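Observations on the model geometry
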Amino acid sequence: YEKIDESIAGKDELAEIGRTFNHMMEALETNYRKQQQFVSNASHELKTPLTVIDSYAKLLLRRGFTNEKIAKEALDAIVSESNRMKDLIAQMLELAKNKEYVSISIGKVNLSQLLKDVTLQLKQAYNREFQLQIEPSLFVNTDEQRLKQLLYILLDNARKYSDDKIVLKAGVENNNISIAIQDFGVGIPEEQLPHLFDRFYRVKEDRNRKTGGTGLGLAIAKELSDLLQIEIIVESEINVGTTFRLMIPLNYNERNEVDSQ
Ligand code: ADP
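How each quantity is defined
- Residues numbered from 1 in each chain as written.
- Predicted model: local features only at pLDDT ≥ 70, side-chain atom pairs only at ≥ 80, totals over all residues.
- Heavy atoms only, no water.
- Salt bridge = Lys/Arg side-chain N within 4 Å of Asp/Glu carboxyl O.
- Helix = DSSP H or I, 4+ residues; strand = E, 2+ residues; numbered from the N terminus.
- Polar contact = N/O pair within 3.5 Å; in protein donor to acceptor, adjacent residues only side chain to side chain.
- Contact = heavy atoms within 4.5 Å.
- Near = heavy atom within 4 Å.
- Areas by Shrake-Rupley, 256 points an atom, 1.4 Å probe, with all protein chains shown as cover.
- Nonpolar A, V, L, I, M, F, W, Y, C, P; charged D, E, K, R; others polar.
- pLDDT = per-residue confidence, 0-100.
- Pairing = 2+ DSSP bridges.
- Axes fitted to C-alpha atoms, helices over the stretch in contact; angles between N-to-C directions.
- Phe/Tyr/Trp six-rings, centres within 6.5 Å; stacked < 30°, edge-to-face > 60°.
- Buried < 20%, exposed > 50% of the residue type's maximum accessible area, 1.4 Å probe, protein only.
- Lys NZ or Arg CZ within 6 Å of the ring centre and 35° of its normal.

1. What about the pattern of salt bridges?
Opposite charge on two side chains permits pairing when their charged atoms draw close. Evaluation of the coordinates by the stated rule reveals twelve salt bridges. Between R245 and E235 there is a salt bridge, and its shortest N-O distance comes to 3.5 Å. Of the two residues, R245 is situated in strand 7 (residues 241-249) and E235 in strand 6 (residues 231-237); the sequence distance between them amounts to ten residues. Here the salt bridges do not stand alone but share partners, grouping E45, R84 and R202 into one network.

And the structure:
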């Protein structure tokens, strides 16, 4: 009997090893497919501005020397499409970084100040109105540069996809520091919300092309928020507006605090 028992236990173990192996292979396959999809999307996205640059450069060669108006139009297009390519490449490199090896530098960050700094940057660059409702003395223990990058992506999107004022609220809510970025713009259809953070995903290709979007901003935002252990919640209504909410746990390993002064 003992022998039979042993052989049954052996079979179970083998089956378990087999299942684990299958799961690993499935995960590898999914990863591989995602990687292939990324490369194919990336090539397509890079090819489009390159085609525009190529045709304008040819136009410049043919008619640019005799027609100043055409020369200017062509050079403007070449500059703007090269900038688009530069942004795309920078974002792709950001996503290609191996997350296991990135160093993260945690320190005490004055969140109230950081939010004011980031909005000021955008206000000056794009002449947009930001309404700030920020509790004073909010501090978080986090990686300042990465949090700034995350906030910049969300605030810049609020600017790109709306024309009205943008409201930025920050305060303590239950056990979190909550940051809400609210715009009164085009909104996002409900069925598209689950895809928003996918690489290269855009709600309406044509509309967003005008804004110079790449569809990579929110994918980077998602990776940053995972790294910083921040939850992102999106609420949106078409033609009413969108709110992106960041939840930073207050008592998470006692990492974050609110000054009582
Ligand atoms: P993009 O570079 O195109 O802005 P993102 O990854 O940042 O790419 O965003 C993905 C898509 O989500 C955008 O193309 C846009 O369709 C939609 N989106 C993001 N933020 C907003 C917003 N605040 N309001 C409306 N749509 C938004």
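Next comes the rest of the account.
2. Details of the side chain of T214
You can see T214 is positioned in the loop between helix 5 (205-210) and helix 6 (217-228). In this structure the side chain of T214 is engaged in a polar contact, spanning 3.2 Å, whose partner is the backbone nitrogen of L216. Once residues lying within four places of it in the same chain are set aside, the contact partners of T214 are R84, L88, Q91, F200 and R202.

3. Some points on the site of the ligand
Near the ligand, the surroundings consist of 22 residues, among which N157, Y161, D183, T214 and L218 are the closest. Here D183 contributes a side-chain N or O atom positioned 2.8 Å from a nitrogen atom of the ligand. In isolation the ligand exposes 540 Å². Once the protein is present, 99% of that is buried. Sorting the residues of the shell around the ligand by element identifies helix 4 (144-160), helix 5, helix 6 and strand 7 as the ones contributing at least two each. At three residues, helix 4 tops the list of elements feeding residues into the shell around the ligand. When grouped by side-chain class, the residues that make up the shell around the ligand number ten nonpolar, eight polar and four charged.

4. A few points about the confidence of the model for the protein
When the pLDDT values of the protein are averaged, the result is 90; 90% of them are 70 or greater. Interface confidence for the predicted complex, given as ipTM, is 0.99, next to a pTM of 0.84.

5. Here's the deal with the sheet that holds strand 7
Here we have five strands laid out as an open sheet, ordered 2-4-5-7-6, and mixed in their pairing. Each end of this open sheet is capped by a strand with a single partner; those strands are strand 2 (130-134) and strand 6. Looking at each pair of strands side by side, their axes are set apart by 15 degrees on average, direction ignored. By the bridge criterion, eight bridges tie strand 4 (residues 166-173) to strand 5 (residues 176-183) in an arrangement that is antiparallel. Looking at strand 5, one finds that A170 is bridged to I179. The sheet contacts of helix 4 involve strand 2, strand 4, strand 5, strand 6 and strand 7, and relative to strand 5 the element is tilted by about 25 degrees.

6. Considerations on the environment of F130
Within the element layout of this structure, F130 appears in strand 2. Sequence spacing of F130 and V167 is 37 residues, and the spatial spacing of their C-alpha atoms is 5.8 Å. Those residues in contact with F130 that sit more than four places away from it in its chain are T119, L122, K123, L155 and I166.

7. Things to note about the packing of aromatic side chains
What the rule picks out here adds up to one aromatic pair. Taking the centre distance of 5.5 Å and the plane angle of 40 degrees together, the rings of F38 and F200 count as tilted. Of this pair, F38 sits in helix 1 (residues 2-63) while F200 is found in the loop between strand 5 and helix 5, placing the two residues 162 residues apart along the sequence. This pair shows no difference in class: F38 is buried, exactly as F200 is. One Lys or Arg, K108, reaches over the ring of F139 and ends 4.9 Å from the middle of that ring. The positively charged end of R159 is found above the aromatic ring belonging to Y126, 3.4 Å away from the centroid.

8. Some details on the side chain of E45
Within the fold, E45 resides in helix 1. For E45, a relative accessible area of 5% corresponds to the buried category. Of the polar contacts made by the side chain of E45, one reaches the side chain of R202; its length is 3.1 Å.

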